[in-house]
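Below, each chain spelled out in residue letters.
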Amino acid sequence: MERKYIGKPIKRIEDPRLLTGQALFTDDVHLHGMLHAAFLRSDYAHARIKSIDISEALKLPGVVAIYTAEDFGDYWHVGPLQVPPPIAIPGAKFHAKGLPPIAKDKVRFSGEPLVVVVAINRYIAEDAAGEIIVDMEPLDVVTDLEKAWEDTSVLVHEDIGTNMAALVKQEKGNFADAAAQADVVIKRKFYVDRGASGAMENRGLIASWDNRTQNMTIWTNNQAPIPLRNTCAANLGLSDSQVHVITAFTGGGFGPKIMTSQADDVLLPWISMKLCKPVKWIEDRRENFLATTSERDQIHYCEIALTKEGKILGFSDIFYHNTGAYDPYGMTIPLNTMTHTMGSYFVPNFYTEVRMVFTNTMVVSPVRGAGRMYGNYVMERMIDAAAREMKIDLVELRRRNLIQPDAFPFRTGITGQDFVENVLDSGNYPETVRKAAEMIGYEKFVKEEQPKLRAQGKKVGIGFVTFVEGTGVGPYEGAKVTVENSGKVNVATGISTQGQGHYTSFAQIVSEQLSVEPKDVRVTTGDTDQFDWGAGTFASRGMTVAGTAIHLAAVAVRKKILKLASKVLETPEDELEIEGGVVRVADLPGKSISLGNLASRSNPTRGVVEPGVEPGLEATAYYGPPYGATGQGAVAMILEVDPETFEVKIQRFVLVHDAGTVINPMIVEGQIMGGVQMGIGNAFYEELAYDEYGQLQNASLMDYLIPAATEMPPKMELGHVVSPSPLNPLGLKGVGEAGAIPTPACFHQAIENALENKIEITSSPMSPSRLFALTRK
Amino acid sequence: MKPAPFAYFAPTNVQEALDRLNQLGYDGKVLAGGQSLIPAMNFRMARPAALVDLNGVSELFYIKPAPQGGYLIGTMTRDVTVENHPEIKNKFNALNQAFYTWAHPQIRNRGTFGGALAHADPAGQLPGVAKALEFRMKISSKATGERWVDAKDFFAGPFTTVIDPSEMLTEVYMPDLGPHTGTSYQQVARTHGSQFQVAVVVKVVLDSGNRCQKANIAMLAVGEQPLLAEQASKLLAGQPLNDQNIDAAAHLVATKEIDPGTDIHATEQYRRHVAEVLVRRALKEALADAMQRGG
Amino acid sequence: MSDEFKVSMKVNGKIYECSVEPRMLLSDFIRHELGLTGTHVGCEHGVCGTCTILFDGMPTRSCLMFAVQANGHEITTIEGLGTMDDLHPLQKAFQEKHAVQCGYCTPGFLMTLVPFVEKNTSPSDEEIREAIGGNLCRCTGYENIVEAVKLASEMMHPGK
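What you are looking at is a predicted structure, and each value in this text was computed from that prediction instead of being measured.

(A) Fine view of the overall build of chain C. Check the secondary structure of chain C and you find five helices and five strands. Element order for chain C, N to C, with α for helix and β for strand: β-β-α-β-β-β-α-α-α-α. Over its C-alpha trace chain C gives a radius of gyration of 16 Å, about what one expects of a compact globule, namely 15 Å for 160 residues. Along the first, second and third principal axes, the C-alpha set of chain C runs to 55 × 30 × 25 Å. By residue count, 68% of the 160 residues in chain C fall in the buried class. Intrachain contacts of chain C at a sequence separation of at least 6 include 57% that bridge at least 24 residues. Surface accessibility of chain C: about 5,300 Å² in total, with carbon and sulfur atoms responsible for 46%. Here chain C contributes 13 positively and 21 negatively charged side chains, and the mean placements of these two sets differ by 2 Å.

(B) Geometry of the state of the cysteines. Per the stated rule, a full pass over the model turns up zero disulfides over all chains. Cysteine 276 of chain A supplies the cysteine sulfur nearest to cysteine 232 of chain A, a cysteine that is in no disulfide, at a spacing of 15 Å. Considering cysteine sulfurs only, cysteine 139 of chain C is the nearest to cysteine 102 of chain C, which forms no disulfide, with 3.7 Å between them. Cysteine 102 of chain C gets classed as buried once you look at its relative accessible area, which sits at 5%.

(C) Structural context of the interface of chain B and chain C. At the junction of the two partners, chain B supplies 29 residues and chain C supplies 29 residues. Across the chain B to chain C interface the summed buried area is about 2,400 Å²; carbon plus sulfur atoms make up 58%. In terms of surface lost to chain C, no three residues of chain B exceed Tyr8, Gln106 and Arg110 of chain B, which account for 27% of the buried area on that side. For the pair chain B and chain C, the number of links is 15 residue pairs in polar contact (both at pLDDT 80 or more). Within the residue set of the side of chain B that touches chain C, elements represented by two or more residues are helix H2 (37–42), strand S3 (50–53) and helix H6 (105–110) of chain B.

(D) Seen up close, the interface of chain C and chain A. In this assembly, 51 residues from chain C lie in contact with 57 residues from chain A. Together chain C and chain A conceal approximately 4,500 Å² of surface at their shared face, both sides included; 58% is due to carbon and sulfur atoms. At the surface where chain C touches chain A, the tally comes to six salt bridges. Residue glutamate 96 of chain C pairs with lysine 11 of chain A through a salt bridge whose shortest N-O separation is 3.1 Å. At the junction of chain C and chain A, the tally comes to 28 residue pairs in polar contact (both at pLDDT 80 or more). Only helix H1 (26–33), helix H2 (89–96), helix H3 (106–119), helix H4 (125–131) and helix H5 (143–156) of chain C provide two or more residues apiece to the side of chain C that touches chain A. If you tally residues by element for the side of chain C that touches chain A, the top one is H2 of chain C, at four residues. When its residues are assigned to classes, the side of chain C that touches chain A shows 21 nonpolar, 19 polar and eleven charged.

(E) Region of interest: the sheet that holds strand S20 (residues 477–483) of chain A. Residues and elements named next belong to chain A. Here we have four strands laid out as an open sheet, ordered S22-S21-S20-S26, and mixed in their pairing. In this open sheet, the two edge strands, each paired with only one partner strand, are strand S22 (521–525) and strand S26 (617–623). When the angles between neighbouring strand axes are averaged without regard to direction, this sheet yields 15°. Most of the contacts of helix H14 (residues 502–514) go to S22, to which it runs at about 135°, and overall it touches S20, strand S21 (489–493) and S22. In the packing of helix H15 (residues 542–568) onto the sheet, contacts are made with S20, S21 and S26, and the angle to S26 comes to roughly 145°.

(F) How the structure looks around the packing of aromatic side chains. All names here are of chain A. The full count for this structure, using the stated rule, is 30 aromatic pairs over all chains. On the numbers, 6.3 Å between centres and 40° between planes, the contact of phenylalanine 315 with phenylalanine 350 is tilted. In this pair, phenylalanine 315 sits in strand S15 (residues 312–324) while phenylalanine 350 sits in strand S16 (residues 349–358), placing the two residues 35 residues apart along the sequence. Among the residues examined, phenylalanine 315 registers a relative accessible area of 0% and is labelled buried. Relative to phenylalanine 772, the ring of phenylalanine 646 lies with its centre 6.2 Å away and its plane at 55°, an arrangement referred to as tilted. You can see phenylalanine 646 sitting in the loop between strand S27 (629–641) and strand S28 (648–658) and its partner phenylalanine 772 sitting in helix H19 (residues 768–775), a full 126 residues away along the chain.

(G) Summary view of the side chain of aspartate 15 of chain A. Tracing the backbone shows aspartate 15 of chain A in helix H1 (residues 15–19). Judged by relative accessible area, which is 0%, aspartate 15 of chain A ranks as buried. Apart from residues no more than four positions distant in its own chain, aspartate 15 of chain A is found in contact with Gln95 and Val100 of chain C.

(H) Structural context of H15 of chain A. Compared with an ideal rise of 1.5 Å per residue, which puts 27 residues at 39 Å, H15 of chain A spans 37 Å between its outermost C-alpha atoms and is within 8% of the ideal. Trailing H15 of chain A by a residue or two, glutamate 570 of chain A shows a phi angle of about 50°, which is positive.

(I) Layout of the sheet that holds strand S6 (residues 113–119) of chain A. All names here are of chain A. With mixed pairing, seven strands are arranged side by side in an open sheet as S3-S6-S1-S13-S10-S11-S12. Each edge of the sheet is formed by a strand with only one pairing partner; in this case those strands are strand S3 (63–68) and strand S12 (243–247). Shown here is a sheet whose adjacent strand axes are inclined to one another by a mean of 20°, direction ignored. For strand S1 (residues 35–41) and strand S13 (residues 279–282), the ladder comprises two bridges, and the chain directions are parallel. Within the sheet, the bridge partner assigned to histidine 36 lies in S13 and is lysine 280.

(J) Spotlight on the side chain of arginine 61 of chain C. Mapped onto the fold, arginine 61 of chain C is located in strand S4 (residues 58–61). Notably, arginine 61 of chain C is buried but unbridged: the nearest opposite-charge side chain belongs to glutamate 130 of chain C, and the N-O separation is 11 Å. Once residues lying within four places of it in the same chain are set aside, the contact partners of arginine 61 of chain C are His104, Gln106 and Ile107 of chain B together with Gly46, Val47, Gly49, Cys51, Thr52 and Gly134 of chain C.

(K) Broad picture of the pattern of salt bridges. A complete count under the given rule lists 78 salt bridges over all chains for this structure. One salt-bridge network, in which partners are shared between bridges, spans Arg41, Arg122, Glu126, Asp127, Asp284 and Glu287 of chain A, Arg44 of chain B together with Glu21 and Arg23 of chain C.

(L) Up close: the environment of valine 68 of chain C. Topologically, valine 68 of chain C is positioned in the loop between S4 and strand S5 (74–76). Taking the C-alpha atoms as reference, valine 68 of chain C lies 22 Å from threonine 112 of chain C; in sequence the two are 44 residues apart. Among residues more than four places away in sequence, those in contact with valine 68 of chain C are Tyr8 of chain B together with Phe5, Val7, Val20 and Pro22 of chain C.

(M) Focus on the environment of valine 154 of chain A. All names here are of chain A. One can find valine 154 in the loop between helix H4 (145–150) and strand S8 (164–172). Distance from valine 154 to valine 141, taken between C-alpha atoms, is 6.9 Å for residues 13 residues apart in sequence. Beyond its immediate sequence surroundings of up to four residues, valine 154 is in contact with His46, Asp140, Val141, Val142 and Asn163.

(N) Inspection of the nonpolar core at higher detail. Core analysis: the biggest nonpolar cluster contains 266 residues, and Ile561, Val583, Phe747 and Ile751 of chain A, Ile217 and Met219 of chain B together with Phe94 of chain C have the highest contact counts within it. Filtering out sequence-adjacent residues up to four positions away, isoleucine 217 of chain B remains in contact with Val200, Val201, Val202, Leu227, Leu228, Ala229, Ala232, Ser233, Leu236, Val279 and Leu283 of chain B. In terms of nonpolar packing, the next biggest core, distinct from the first, is built from 74 residues, Phe6 and Trp102 of chain B together with Phe29 and Leu36 of chain C among them.

(O) Highlighting unusual backbone geometry. Residues and elements named next belong to chain A. At the junction of phenylalanine 408 and proline 409, the peptide bond is cis and its omega measures out at -10° in the coordinates. Tracing the sequence through the fold places proline 409 in the loop between helix H11 (394–401) and strand S17 (410–415). A cis amide bond, omega 0°, links serine 764 with the succeeding residue proline 765. Positionally, proline 765 belongs in the loop between strand S30 (763–764) and H19. Positioned with a positive phi, glutamate 570 is a non-glycine residue whose angle comes to about 50°. Along the chain, glutamate 570 turns up in the loop between H15 and strand S23 (576–579).

Criteria and cut-off values
Residues numbered from 1 in each chain as written. Chains lettered and ligands numbered in written order. Predicted model: local features only at pLDDT ≥ 70, side-chain atom pairs only at ≥ 80, totals over all residues. Heavy atoms only, no water. Helix = DSSP H or I, 4+ residues; strand = E, 2+ residues; numbered from the N terminus. Rg over C-alpha atoms; globule rule 2.2 N^0.38 Å. Buried < 20%, exposed > 50% of the residue type's maximum accessible area, 1.4 Å probe, protein only. Contact = heavy atoms within 4.5 Å. Areas by Shrake-Rupley, 256 points an atom, 1.4 Å probe, with all protein chains shown as cover. Lys, Arg positive; Asp, Glu negative; His and termini not counted. Charge placed at Lys NZ, Arg CZ, Asp CG, Glu CD. Disulfide = S-S within 2.5 Å. Buried area = accessible area lost by both parts, 1.4 Å probe. Polar contact = N/O pair within 3.5 Å; in protein donor to acceptor, adjacent residues only side chain to side chain. Salt bridge = Lys/Arg side-chain N within 4 Å of Asp/Glu carboxyl O. Nonpolar A, V, L, I, M, F, W, Y, C, P; charged D, E, K, R; others polar. Pairing = 2+ DSSP bridges. Axes fitted to C-alpha atoms, helices over the stretch in contact; angles between N-to-C directions. Phe/Tyr/Trp six-rings, centres within 6.5 Å; stacked < 30°, edge-to-face > 60°. Expected span 1.5 Å × (residues − 1). Core = buried A, V, L, I, M, F, W, Y, C linked by side-chain atoms within 4.5 Å.

Here's what the structure looks like:
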């Protein structure tokens, strides 16, 4: 079916505003009488708070108020979990430890907020914070995952008597049997670390209570504005309708902006109510590193069992996952690890066990990939270990184990982050593999080019991995589509936008149904007064779930248009067409009515509206998938390693991706490329370096290394395969996290290949220094 | 991350600046490019009581040929001005290469040549270049007038030079290379423009037989401050710069002359290993540079 | 506390006269005193580049200057580059090549690139990556930005 708008690389409608500095971001908001907050944060990672003396700080001119946990009285409460516990999984053990908004009695990670200072500007607020005297009794610190699990002498939460945050086991088939029957069983231990989201805009929130209207307005860059509104209303004993959350333009989300239980989310609205003044808090970069959530370390003990032909019979993975000092985000990350380990491969017997551990470090919550990368990493590395031992080509071994196109929908037997069984909906895995191998010129490189380069002493290697990406999970999203009297269309949905181009891609979906140009479709996201049912932007679900709801609403509006136009034009519906903002009779272009006119007619100020007919040309629709749609792909790269300094230079990068139906290919490619940057960062540059005292040693961009343009490959060559998802009418799958998931495994495989397998990499991230150490082992 | 309060002075000429610094004593800190000082102030790691801003002292912005050869560079000359100076670009290979790796263009637009030296950041390229290329620094004060200090005596420790409170660096002398002289700058850094793990700056002077007459080997980030590898220099003096000798010198530097540490980016062992590699590469490149320049 | 200093500076062609505390960062001054919020703040330690403006025509990090230092100088911010109805070739090229996603780093990139595209008629990929090495982006992976710069160069120096 030829589509006019869907599938086209339409230029983004929102760009001119962003390009000229005319877009409103949270810190751009100025309100009359606005005050500024700053936090005093704990340096200690684990300590009892003995006393806090704010007397000197209060004396500074310009300081308005200072609050400790005690000052909030009964309002201080440990945040509810943002994600429910995994009771859907039989035998799951889970200790719920929500995030306290501000530390009371005890701090459990370095950076935990101790005091809120409110002043007439941020400079003075920071001066005051510097005058506060905190007396703390340092306690022993636990940061090592395995030690924290086994040893109860240092407890992050004494009341539960353990550092176990959760223990979840899942099994498909029987791994022990598979291992017994296998010709080859290989075991490895992996240490896999990730990092911060590194969005260019830090978090921020403005809470403004107007006592005269009894309404609370919150400007923020949150990924979940509706849950934030609901939590805020509940916290303050207000009606949902009294709280209005507006997400301004957001400078990147990538996960951590989904938190709704941090100090600012919970305390600033209360403070604003108390002072009857707007209060603004803008996070600085140091705070972002210390106290905004991130993804960190997992330790995996893996076993893979294969036949001598290289068919995988089983895989076992017992892993430790660091949840940090609290677990407000439940088990989302490790469950994603579990559902992504088998990846693109048919693994008949699979055992996975996660030991989630509390440590005295900052809380872990999803960062682009949300746990998927770890599962991908260990499987791909284990396959590499098997390929090495069995002397089978890396790509060939993968090919032999791919889930075939006729196997869909493919039930994995493992429950995922949405608490239902992970089912792979559609795909053509052999095709993405074939295409990626062709694009990188795998055969030619391995057989001809590489031997030549090696003869010259150059250490050039190739990597090739596959990946799956679970996307588009429930619970649901909704949207409202309205044709206005002007003939333009208004769309509102509950998710928010952090740069994914929703203003354009969502417009394209509506344009396809209503034949109104995308520039005349106005999309509003993340404004709870415009739409207030939904969950938020996460798990690459914006397009798939909200996009589908928008499509369904547009379809419903189209029906209303045709029904009313049929009456007005006295013509059967099947003889009508909508084109260029006008409804007309096919073959009789003179007989027509503009959409704007029709909209006016549908909403008379006098007269009669038929019973059962809604006024206006508007519809609201919801969509909740039975399970998430899964994208898939393959990544290949060629890189060179300097054999003396172990610096690495990427020469070529190929990624073939299947995300189902593509609404705007330009936006999809942009998402993939952005994810690759983070994947390269996670592979070789980025790491939140906590020492054994729980001190973060690199809380700045000087030492937390985010790849710049000079670290990226010269060109990212992208290929596409399209296997529409049967789960939604447009066949959509998400794509936001694709680039970040497989890149580290591919990067490390390529390094091993460059160094002719003289080393084996079993931990991430790598660095020149770490590579050197491996060569000396 | 906002800085703590400070008193601010913006003199318009050198005399005024020196008067002010004299008045402030220990409380006074010079503000040059600010590309190192202001981040430290924003983190509140540096909290000077008073800043004497030299950006309005136009007489400190210059590059002029020195009567004895080489260049006299006013302390406030922007890094980018030195970087783009066509003659300097052509002659001083090591300086060129150092600029290429030096932070980012925006930093070099504002940062100053003198500031980079006076700040004495152990993570800075310029102190190493200064030592290898034998810069001389002119330090001025109201009380004592002017004094010249050789680069090798100028740096006293991390972020510490021999400049006393009330004094300021006013001029840098960059001597000509002379015939048969070549330079090279080598480093490893994890990302382009970020902190290097090890850097080496070499100046090699050849005699008429193309043997090494003198080799200055400055090592960066492998000790408390940039150091000159004297033993390796002695080893090479009078010797041909063949592979064997270069290897021996590099090995000597790496094993005996440096004291690298371990941090989150690299281990001591890696730094030692890479130091050897970089000294070797720098000597080879400086040799080629010297041969190319001829007499 | 500190005394206030009177400053006078030209921003986007207009003269502004204000009183500032010496420690006020130029980035905060531009954004909050002048209300020109197109210049963004990402780190306040001079690494991310989102605060880049033109100071006397040179790309400079406004978070590493005090407002008081801009007295008597000339600043161009993103608001002085083009308008929604009259985009600068760089802005047009960025839109054409999808070099903008969240848009937070974009003003910093654009101001960094203005002198670059004026001077370079046909820059190589490597030269472009070098020029933007001091600007971080977490959304685009930089590739489309490089393509946009090449397009802008062509637009500004046709036939070269």
